[in-house]
Amino acid sequence: MSKAIHQPGLDSVCCDRTMNKPDSTNLDLRPSPLKLTTTSGARTKNPPRAPTNPANFSGDLAGAHDAVRSVPAPPRSSKPGHRRTVSAGAPLIYSGGSSNTSPNLSPGGNIFPAGKSPKPVALPTRGPSRPDVLGSGAVNYGRGSIVRGGGGAKHGNSTNGCCDAEELKRLGNEFYRNGNFVDALAMYDRAVAVSPGNAACRSNRAAALTALGRLGEAAKECDEAVSLDPGYARAHKRLASLYLRFGQVENSQLHLSLSGLKVDQYEEQTLMFLEKHLNRCEDARKVGDWKSVLRETEAAIAVGADFSPQLVACKAEAYLKLHLFEDAESTLSNIPKVEGCPLAYSQTKFFGMLGEAYVPFVSAQVEMALGRFETAVAAAEKASLLDHSNVEVARIVNTVKMVARARSRGNDLFSSGKFSQACSAYGEGLKYDCFNYVLYCNRAICWSKLGLWEQSVQDCNQALLIQPNYTKALFRRAASNAKLERWAEVVKDYETLRCELPEDSEVAEFLRQAKLALEKSREAVYATKFGVEVEEILALDKFKAAIASAGVSVVHFKVASNELCEEISPFVNTLCVRYPSVKFIRVDVEECLSIAKAENIRIVPTFKIYKNGVKVKEMIRPIHQLLEDSVRKNSSL
């Protein structure tokens, strides 16, 4: 018994993956159940049939035009409308031919001498029902080439006026062989409408649905086919193959067993490997080994369960628990859509809960982690409706609702300016989901509103530990660290944001200001430690005395409100530290107009270098490298 997928009372069987390939052998040429009535005439004689080996009959389309496999026709049913089965006996209705000559086979499966065509034969009247007309042999209308009389007038002239299930199935088979699955499905739909009790038409319809990726509906059609004909091997094999792709081992084993066909070694190994990976996945999930869950889930999908919503949801859950939220969201968005499945599919359990409930169960957790609380609540409630008795489902419903309520209450309090109470509300939500980075970030904003910068930074750290590069938390942490004058940390966060948001001009400006602040803070520390700093001069006489002194003096003429001056000032501080033998002077020309007039300063920033009272260099808006090269050159002379 599989531990990962459980369905009581099922025996072990296996499946054939080839049943789902668009191959002509997937289709069935068995005749539709027909009521055979005529208007007049005598019953025809049975034509001779080619010798048939029943073991060669597969019930499919193989070689419908190249070579027709002769199969013994069933005896006439004593009940009108009774379904004919493949059994020994003479053909029910035939036309022309002789058993003493080598027979030729018409596309319809009729036997007649070479060079001759079958001729219609009148049949005795059996009642007022519609007459049967023998086909011409130009097309395959099924065994006996019967066309229902009067059908064209009743059903219209689409598809050459055909309303016989066998002819519609033949046309569908042609479309299917040519890869035109949409038109093939349309023919099979009409065939089923004409003959809803025809198991072969339903099985062929399932093949077309499978080729179109509508596997749930395909499984439903196969289920209908085996309900109509419990011994229909082809439909059981196809259904076993579909259940394998759904990841439902026991259902696949059951229908492969019911097919009555020998299970080959490949089929046994495929199901054995799938069951092994599912069991390992369940065991790892129980102990929270999510890396192993991810590995075993991917292995199960690779083995053959490539259309299982539950296994894809299991991957999403593993990514979520590993805090790979983007991968979880992406995986969840790629879950296969399985619709219209038979009851056995929906009743199969996955990790102890109904398989249909597991997908919204995982979805609720992912949506909550991403901060989409209303969507999370809706998904949790859907899971509860599908499996209200499951303990895991009940727990996640409660968690999601409590977290969503706490977040909503916190938002309302924050909007009302009650920041302390909002902190408490978000904290309540974190008791139910301690890895919800959205709640941590929300609480960090409340701490900053209260001026508790350190607590704000701590909550941002928690949020970023769970979800690295979460932009809201990076912004909040940078702002809080700026209040604490931790400029190196501020620059680091804004550099990360710059990578995440390269087109955001506001981030670029914040980064520039943070770098300036960092440079100033470093220079201030150095100047305090070594007693080195740029001298501010406001009086003309002090300025003249300073530049007339021995040695090298560098004067920076600036305006406080000028952006270029503000940008280069930290670099001047750096040069002051690098060249301690040089005297650096700063003059604000707006505050000391007399100096600006005496030195003829018209543009800022302007730099002048004096050596022993003599001006040796003047630079207007120099780049950093030119300024440093000039200072170094004159200081070494």
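Residues numbered from 1 in each chain as written. Predicted model: local features only at pLDDT ≥ 70, side-chain atom pairs only at ≥ 80, totals over all residues. Heavy atoms only, no water.

Undergrad: When you look at helix H8 (residues 265–286) in this model, what are you seeing that I'm missing?
TA: Three- or four-residue spacings in an α-helix give side chains the same orientation, since the helix completes a turn every 3.6 residues. End to end, H8 covers 32 Å across 22 residues, agreeing with the expected 32 Å (1.5 Å per residue, within 8%). The backbone nitrogen of Tyr266 lies 3.2 Å from a side-chain oxygen of the residue at the head of H8, namely Asp264. Directly after H8, the chain includes Gly288, whose backbone phi takes a positive value near 75 degrees. (Helix = DSSP H or I, 4+ residues; strand = E, 2+ residues; numbered from the N terminus. Expected span 1.5 Å × (residues − 1). Polar contact = N/O pair within 3.5 Å; in protein donor to acceptor, adjacent residues only side chain to side chain.)

Undergrad: What exactly am I supposed to notice about the pairing of strand S11 (residues 606–611) here?
TA: Each regular strand carries side chains that alternate between the two faces of the sheet. Summarising burial for S11: 5 of the 6 residues are buried, a large majority. Pairing analysis gives 6 bridges linking strand S9 (residues 552–558) to S11, with the strands arranged antiparallel. Bridged to Phe557 within S11 is Thr606. When S11 meets strand S12 (residues 614–620), the two strands line up antiparallel, connected through 6 bridges. (Buried < 20%, exposed > 50% of the residue type's maximum accessible area, 1.4 Å probe, protein only. Pairing = 2+ DSSP bridges.)

Undergrad: In this structure, what is going on with the pattern of salt bridges? I would like to understand it.
TA: Oppositely charged side chains may form a pair once their charged atoms are brought near each other. Summed over the entire model, instances satisfying the criterion amount to 26 salt bridges. A salt bridge links Glu267 to Lys237, with the shortest nitrogen-to-oxygen separation between them at 2.8 Å. With Glu267 in helix H8 and Lys237 in helix H6 (residues 233–245), this residue pair connects regions lying 30 residues apart in the sequence. For the pair Glu267 and Lys237, one class covers both residues: buried. The closest approach of N and O atoms between Asp459 and Arg443, which form a salt bridge, is 2.7 Å. With Asp459 in helix H18 (residues 453–466) and Arg443 in helix H17 (residues 437–449), this pair connects stretches of sequence that are 16 residues apart. Neither Asp459 nor Arg443 differs from the other in exposure class; each is buried. The network of salt bridges with shared partners includes Asp189, Arg202, Arg205 and Glu221. (Salt bridge = Lys/Arg side-chain N within 4 Å of Asp/Glu carboxyl O.)

Undergrad: Can you help me understand unusual backbone geometry in this one?
TA: For residues besides glycine, phi is generally negative; the peptide bonds are generally trans as well. A cis amide bond, omega -5 degrees, links Val604 with the succeeding residue Pro605. Following the sequence through the fold, Pro605 ends up in the loop between helix H24 (593–598) and S11. Phi at Asn600 is positive, roughly 55 degrees, even though this residue is not glycine. You can see Asn600 is positioned in the loop between H24 and S11.

Undergrad: In this structure, what is going on with the environment of Leu439? I would like to understand it.
TA: Examined against the element boundaries, Leu439 turns out to sit in helix H17. Assessed through its relative accessible area of 0%, Leu439 is described here as buried. As a C-alpha pair, Leu439 and Ala369 span 70 residues in sequence and 9.7 Å in three-dimensional space. With sequence-adjacent residues up to four places away left out, Leu439 is seen in contact with Phe373, Val403, Arg407, Tyr426, Gly429 and Leu430. (Contact = heavy atoms within 4.5 Å.)

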